[in-house]
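What follows is the residue order along each chain.
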Amino acid sequence: MAATPAPAADGAAAPSRSRADLVSWAILLLYVAVLLLLSWKRWGNPLGDVGLDLTVASGWLDGVLPYRDVRYWYGPLGIGVLATAFAVLGSHLWVAMLVGLAQTALIAELTRRLARRWLPVPATLGVVAVVLSIGFSGTLSNFTMPHTFAATTGLIALLFALLALSHERFALAGLAVGATALSRPEFFAFGVAAVGGAAFGAWRQGGFAAALRESAKAVGTTLLVAVPVLGFFAIEAGAYRVFFENIFPLEFLRTVGATFEHDQHPFDLPSVGTLLVRGAVLAIAVWVFMAAWSIVAAHRAEERVVLPGSPVRILGGAVVAIVVGMGLAVLGGDAGQPVSLVKSDATRFIFAMTALPAVGLGMLLVAARAWLRKDASPLATDYAGPADVAADGAVDGDAVISNAPRAADSSGWVAAGALIAAAAACSLRSYAQFSTDVYGTYYAAPVVVLAGILLYRLVAARPSIQGGRLAVPVVFALAAATLSAHAYLGLYRDFSKEVTTPNGSFIADAAAGDNMNAAFRRLAELGVQPGERIVAMPQEPGFYFLTGARPALYDSTFLPGVLATREDDEAAADALLTGEGVPRQARPVDGETYVPPRLVIETNWNFALWGFDRQGVDVNRALHRAVVDNYDVVGRFGDTQTLPPKLSLGRAFTIYELR
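Keep in mind it's a predicted model, so treat the numbers as computed, not measured.

1. Comments concerning the overall build of the chain
Point 1. Within the chain, the regular secondary structure consists of 25 helices and 7 strands.
Point 2. Against the 2.2 N^0.38 benchmark of 26 Å for 659 residues, the chain shows a C-alpha radius of gyration of 26 Å, consistent with a compact globule.
Point 3. Counting across all 659 residues of the chain, residues that qualify as buried make up 56%.
Point 4. In the chain, of all internal contacts separated by at least 6 residues, the share reaching a separation of at least 24 is 74%.
Point 5. Carbon and sulfur atoms form 64% of the exposed surface of the chain, whose accessible area is close to 25700 Å².
Point 6. Positive and negative side-chain charges in the chain, numbering 48 and 51 respectively, have mean positions lying 7 Å apart.

Given below as structure tokens:
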């Protein structure tokens with residue numbers, strides 16, 4: 001099943017397209033240089049969640065097998081990439097940053113290639129700029145030093161699958177979906193959604209038998225990638241431990257999952273109403289900008305004004321959506337939520353992202369209606385535009401948007417089905433908190449591409465609008481600028497203190513940075529040796545990697561629910577003191593006696609986000625008590641008594657030494 005080639009425009013189109021590519025690359029590289037300059041070494045916090053990836057990946061090189069010898073929450077792909085880089089270049093923070101930058105570049109390139117299946121160069125440039133702005137977000141959920149490398153590798157695999165499906169290559173897409181199964185569980189779900197959407201497209205284009213045949217190819221290659229790798233770890237560590245204690249930790253999810261996940265997708269009436277209002281406000285803002293652009297362009301050209309879409313349909317539909325959304329919020333008992341969240345989005349400069357799920361989920365409904373009615377693909381065109389649409393939209397001889405009438409055409413359904421299904425799945429995952437502050441960062445790229453296609457269709461259907469297609473990259477440039485302003489005006493401006501560790505340096509905010517530096521200096525004075533077994537708790541696993549130490553217990557993080565029961569907590573305390581049940585790498589060799597780890601580092605954490613208070617109070621009580629009763633305090637840095645704000649990492653530390 002081959003993609004439909006775009007009609008050729010004329011012989012002069014290729015040089016123009018080449019020049020446009022070169023100019024776009026130059027602009028994009030300049031933009032990346034600015035982002036790097038403003039954010040240098042301010043990519044997340046290596047002490048926090050990403051520190052688990054760094055620690056597990058570097059430990060893997062010493063024979064500490066993930067899942068068997070140390071708990072790891074996600075699939076092995078991300079830490080496998082890190083471990084490979086560490087094996088070649090050394091286990092150093094700059095190597096992890098280099099991997100992160102390379103993955104950021106790959107995400108941008110795959111996004112560019114995917115967008116070019118539908119969009120001309122300028123519009124594609126705008127789409128990639130938005131994705132890069134999201135990636136350099138200044139939060140834990142960035143691309144360069146991400147919350148977890150499982151997320152960035154999962155996104156890369158998903159984009160590769162979408163690109164393969166846009167060429168209707170199901171077997172190749174299956175290989176990429178298999179890779180998503182080795183990243184984070186939700187990315188595997190996104191990959192399955194993409195193949196499912198493409199299968200419905202193949203059904204529309206070639207019938208049910210064709211859809212079944214193509215889907216079987218994808219399923220076969222998915223299993224070919226995922227089963228051997230996961231099977232290896234299941235044999236080494238035990239299937240239950242791999243799947244239900246690590247990758248999909250049942251006890252942890254039962255304890256804190258509902259509380260933590262509720263903010264991102266509560267599935268209640270006020271949140272659904274807010275989604276409608278956000279989408280409607282975004283539609284109004286974009287339409288007003290495009291209409292103003294059209295009016296100014298027509299005035300300059302002394303031509304009749306042509307608006308981008310019917311104001312009655314667009315603005316009227318948006319008003320109806322706002323009314324319905326506010327009504328749902330009232331019925332759900334939180335009438336003020338839509339207004340307060342939209343206001344917060346605007347004042348924090350993240351509205352260009354928080355409203356995106358409305359695009360992804362809305363297009364799923366549009367696609368379902370078109371599929372059932374046997375209409376053309378919702379991402380195909382039903383107009384005869386100018387020749388440069390075909391020329392600019394062509395990539396390697398293929399284009400889904402062309403300048404030929406497509407109203408009764410069934411082609412393009414596979415690519416459209418894959419992108420729309422994946423974008424809808426990504427939107428659904430964190431629809432209520434689709435921002436740079438949480439995991440939505442890693443789910444945004446397919447939705448941004450879809451939004452770019454829809455906006456381009458809006459103006460491409462009206463070629464009489466002067467400079468209409470130029471307005472599309474301008475809209476996305478404004479979106480990128482606002483998202484970057486959120487990072488560089490609201491977050492990065494507080495990052496001014498360089499933190500120096502034995503294994504690399506990074507920049508943190510001034511208050512936390514001073515405490516971090518003091519803690520690392522004290523650990524150096526205490527003579528922490530590479531490979532020494534220590535304990536860092538509850539949630540600063542980066543101490544292991546950044547000092548060259550190794551975890552003394554099976555767990556490297558101790559969030560609420562990790563030690564889910566009192567028995568688990570007491571067993572961890574017993575393992576700390578007696579060695580009973582410690583992982584094999586921490587056991588004494590023959591003839592030696594177990595000695596508890598010499599040092600413990602404890603950080604002040606606020607666990608309100610999970611429905612708990614703090615370490616030693618209602619979380620890890622037995623483990624904390626074992627430390628207090630058997631260790632002496634040899635260093636305190638920062639206010640360890642006052643609870644910090646939620647999700648404030650690495651602000652106050654207590655260092656204990658074994659008596």
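Once you've had a look at it, read on.
2. Description of the side chain of Gln 539
Point 1. Take Gln 539: it is sitting in the loop between strand S3 (533-537) and helix H23 (542-547).
Point 2. Exposure remark for Gln 539: the relative accessible area of 4% places this residue in the buried category.
Point 3. If near-sequence neighbours (up to four positions away) are discounted, Gln 539 is found in contact with Leu 47, Gly 48, Asp 49, Thr 557, Phe 558, Leu 559 and Trp 605.

3. Overview of the pattern of salt bridges
Point 1. Counted according to the given criterion, the structure contains 23 salt bridges.
Point 2. In this structure, Arg 68 and Glu 236 form a salt bridge, with 3.1 Å as the shortest nitrogen-oxygen distance. Taken together, the residues span a long stretch of sequence, with Arg 68 in the loop between helix H2 (49-60) and helix H3 (77-89) and Glu 236 in helix H9 (residues 208-237) at a distance of 168 residues.
Point 3. A relative accessible area of 34% means that Glu 236 is categorised as partly exposed.
Point 4. In this structure, the salt-bridge partner of Arg 373 is Asp 375, at a minimum N-O distance of 3.6 Å.
Point 5. You can call Arg 373 partly exposed: its relative accessible area is 48%.
Point 6. For Asp 375, a relative accessible area of 29% corresponds to the partly exposed category.
Point 7. It is possible to trace a salt-bridge network through shared partners that takes in Arg 68, Asp 69, Glu 236 and Arg 584.

4. So, the sheet that holds strand S6 (residues 631-637)
Point 1. Reading across from one edge, S4-S3-S5-S7-S6 is the order of the 5 strands in this open sheet, with mixed pairing throughout. Pairing within the sheet leaves two strands with one partner each, and these edge strands are strand S4 (550-551) and S6.
Point 2. The pairing of S3 with strand S5 (residues 599-603) spans 3 bridges and is parallel. Bridge pairing in S5 links Ala 536 to Ile 601.

5. Observations concerning the confidence of the model for the chain
For any part of a model where pLDDT is low, the fine detail of the predicted coordinates should not be relied upon.
Point 1. Across the chain, the average pLDDT comes to 86, with 90% of residues at 70 or higher.
Point 2. Within the chain, helix H7 (residues 170-180) carries the highest mean pLDDT (97), whereas helix H17 (residues 387-393) carries the lowest (37).
Point 3. Below pLDDT 50 for its whole length, residues 2-16 participates in 20 contacts with residues either more than four positions away or in separate chains.

6. A look at the packing of aromatic side chains
Point 1. Tallied over the entire structure, the rule returns 24 aromatic pairs.
Point 2. Both rings, one in Phe 232 and one in Phe 233, keep their centres 5.1 Å apart while their planes meet at 75°; by these two values the pair is edge-to-face.
Point 3. Relative to Phe 607, the ring of Trp 605 lies with its centre 5.5 Å away and its plane at 25°, an arrangement referred to as stacked.
Point 4. Relative accessible area serves as the criterion here: at 3%, Trp 605 is assigned to the buried category.
Point 5. Over the face of the ring belonging to Trp 371 we find Arg 204, whose NZ or CZ atom lies 4.5 Å from the ring centre.
Point 6. We note Arg 241 situated over the ring of Tyr 554; from NZ or CZ to the ring centre the distance is 4.3 Å.

7. Examining the packing of H3 against helix H4 (residues 93-115)
When two helices pack together, their arrangement is given by the angle between the helix axes and by the axis-to-axis distance.
Point 1. Relative to each other, H3 and H4 sit at 125°, their axes nearing to 10 Å. The orientation of H3 with respect to H4, classified from their angle, is oblique. Crossing handedness for the pair H3 and H4: right-handed. Facing H3, whose interface residues are Val 81, Leu 82, Ala 85, Phe 86 and Leu 89, H4 presents Trp 94, Val 95, Ala 96, Leu 98, Val 99 and Gln 103.

About the criteria used
- Residues numbered from 1 in each chain as written.
- Predicted model: local features only at pLDDT ≥ 70, side-chain atom pairs only at ≥ 80, totals over all residues.
- Heavy atoms only, no water.
- Helix = DSSP H or I, 4+ residues; strand = E, 2+ residues; numbered from the N terminus.
- Rg over C-alpha atoms; globule rule 2.2 N^0.38 Å.
- Buried < 20%, exposed > 50% of the residue type's maximum accessible area, 1.4 Å probe, protein only.
- Contact = heavy atoms within 4.5 Å.
- Areas by Shrake-Rupley, 256 points an atom, 1.4 Å probe, with all protein chains shown as cover.
- Lys, Arg positive; Asp, Glu negative; His and termini not counted.
- Charge placed at Lys NZ, Arg CZ, Asp CG, Glu CD.
- Salt bridge = Lys/Arg side-chain N within 4 Å of Asp/Glu carboxyl O.
- Pairing = 2+ DSSP bridges.
- pLDDT = per-residue confidence, 0-100.
- Phe/Tyr/Trp six-rings, centres within 6.5 Å; stacked < 30°, edge-to-face > 60°.
- Lys NZ or Arg CZ within 6 Å of the ring centre and 35° of its normal.
- Axes fitted to C-alpha atoms, helices over the stretch in contact; angles between N-to-C directions.
- Parallel < 35°, antiparallel > 145°, perpendicular 65-115°, else oblique.
- Left-handed = near helix turned anticlockwise from the far one by under 90°.

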